[in-house]
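Letter by letter, the chains look like this.
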Amino acid sequence: MRRHLASLAIGAALLGSAAPALAQPTGDVVVHVENVRSSEGHVRVDLCTSDQFLTDTCVVAGSAPAQRGETVVTLVDVPPGVYAIQVFHDANDDHKVNRGLFGIPTEDVGFSREAPLGLHGPRFINAAFNHAADEQVVTLHLRHF
């Protein structure tokens, strides 16, 4: 009998550890991109961690058809964390930021918190914001070079 109870206790413990983890709360990030100069192409938005910032491998990406003036892109079910947003107006829909002489973007770009641009783009710390598990609205402006 004791052996049977010990087996039941071990089985129950194993079943308890196999229980699914609780889902992490998430919230949408609604990005209002202002200063869109034309309705050509798409506005592409990347939500990045510090390691991904200024790359094309960001954790969350979204896009919307460009609307002259303002385009809104909603990134859904974003887990809480510290992120920065990078945006560009992909007027020719080639899915990349086109660059000219010295690597200067020929398409309009923008960053969360209107982060100032340096020689190699903005620093993550200047664009970073904290996202909780609630809907969050971020507004930024595209810059023309």
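Not measured: the values here are computed from a predicted model. (Residues numbered from 1 in each chain as written. Predicted model: local features only at pLDDT ≥ 70, side-chain atom pairs only at ≥ 80, totals over all residues. Heavy atoms only, no water.)

## So, the layout of surface pockets
- In this structure, the largest pocket occupies an estimated 780 Å³ of space.
- In this structure, the largest pocket is lined by 29 residues; those nearest its centre are L54, V97, R99, P105 and V109.
- Elements with a contribution of two residues or more to the lining of the largest pocket: strand 2 (42–48), strand 3 (60–65), strand 5 (81–90) and strand 6 (109–111).
- Classifying every residue of the lining of the largest pocket by side-chain character gives 15 nonpolar, 9 polar and 5 charged. (1 Å grid on protein atoms, 1.4 Å probe; cavity = no way out; pocket = protein on both sides within 12 Å on 5 of 7 lines; lining within 4 Å. Points joined across faces, edges and corners; volume = space filled by probe spheres on them. Helix = DSSP H or I, 4+ residues; strand = E, 2+ residues; numbered from the N terminus. Nonpolar A, V, L, I, M, F, W, Y, C, P; charged D, E, K, R; others polar.)

## Focus: the state of the cysteines
- Enumeration according to the criterion identifies 1 disulfide in this entry.
- Paired through a disulfide, C48 and C58 show a sulfur-sulfur distance of 2.1 Å. Classification of the bridge connecting C48 and C58 rests on its S-S torsion, roughly 80°, and on that basis the disulfide is right-handed. Of this pair, C48 sits in strand 2 while C58 sits in the loop between strand 2 and strand 3, and the two are 10 residues apart along the sequence.
- On the basis of relative accessibility, which here comes to 14%, the residue C58 falls in the buried class. (Disulfide = S-S within 2.5 Å. Buried < 20%, exposed > 50% of the residue type's maximum accessible area, 1.4 Å probe, protein only.)

## Considerations on a nonpolar patch on the surface
- On the surface, a nonpolar cluster with roughly 590 Å² of combined accessible area is contributed by L101, F102, I104, L117 and F145.
- With respect to the secondary-structure elements, I104 resides in the loop between strand 5 and strand 6.
- The class for I104 is partly exposed, based on a relative accessible area of 42%. (Patch = residues over 30% accessible without salt bridge, like charges linked within 9 Å, V, L, I, M, F, W, Y side chains within 5 Å. Areas by Shrake-Rupley, 256 points an atom, 1.4 Å probe, with all protein chains shown as cover. Salt bridge = Lys/Arg side-chain N within 4 Å of Asp/Glu carboxyl O.)

## Let's talk about the pattern of salt bridges
- Tallied over the entire structure, the rule returns 4 salt bridges.
- Across the salt bridge formed by R37 and D108, the nearest N and O atoms sit 3.0 Å from each other. With a gap of 71 residues between them, R37 in the loop between strand 1 (27–36) and strand 2 and D108 in the loop between strand 5 and strand 6 connect regions that are remote in the sequence.
- We classify R37 as partly exposed; its relative accessible area is 46%.
- Assessed through its relative accessible area of 5%, D108 is described here as buried.
- A salt bridge links R44 to D90; its shortest N-O distance comes to 2.8 Å. With R44 in strand 2 and D90 in strand 5, the pair connects residues that are 46 residues apart, well separated along the chain. There is no split in this pair, since R44 and D90 are both buried.
- What you see here is one network of salt bridges that share partners, running through R44, D90 and D93.

## Topic: the sheet that holds strand 1
- One open sheet accounts for 3 strands, arranged 4-1-8; its pairing is mixed. If you trace the sheet from one side to the other, it starts and ends with strand 4 (69–78) and strand 8 (136–141), each paired once. Ignoring strand direction, the axes of neighbouring strands in this sheet form an average angle of 20°.
- Pairing analysis gives 6 bridges linking strand 1 to strand 8, with the strands arranged parallel. Considered in strand 8, the bridge of V30 is made with V137. (Pairing = 2+ DSSP bridges. Axes fitted to C-alpha atoms, helices over the stretch in contact; angles between N-to-C directions.)

## Digging into unusual backbone geometry
- Here the phi dihedral of N35 falls at roughly 75°; this positive angle occurs in a residue that is not glycine.
- A relative accessible area of 36% means that N35 is categorised as partly exposed.
- One non-glycine residue with positive phi stands out, namely L54, at about 65°.
- Inspection of the secondary structure assignment puts L54 in the loop between strand 2 and strand 3.

Geometric descriptors of this kind do not, in isolation, establish any biological role.
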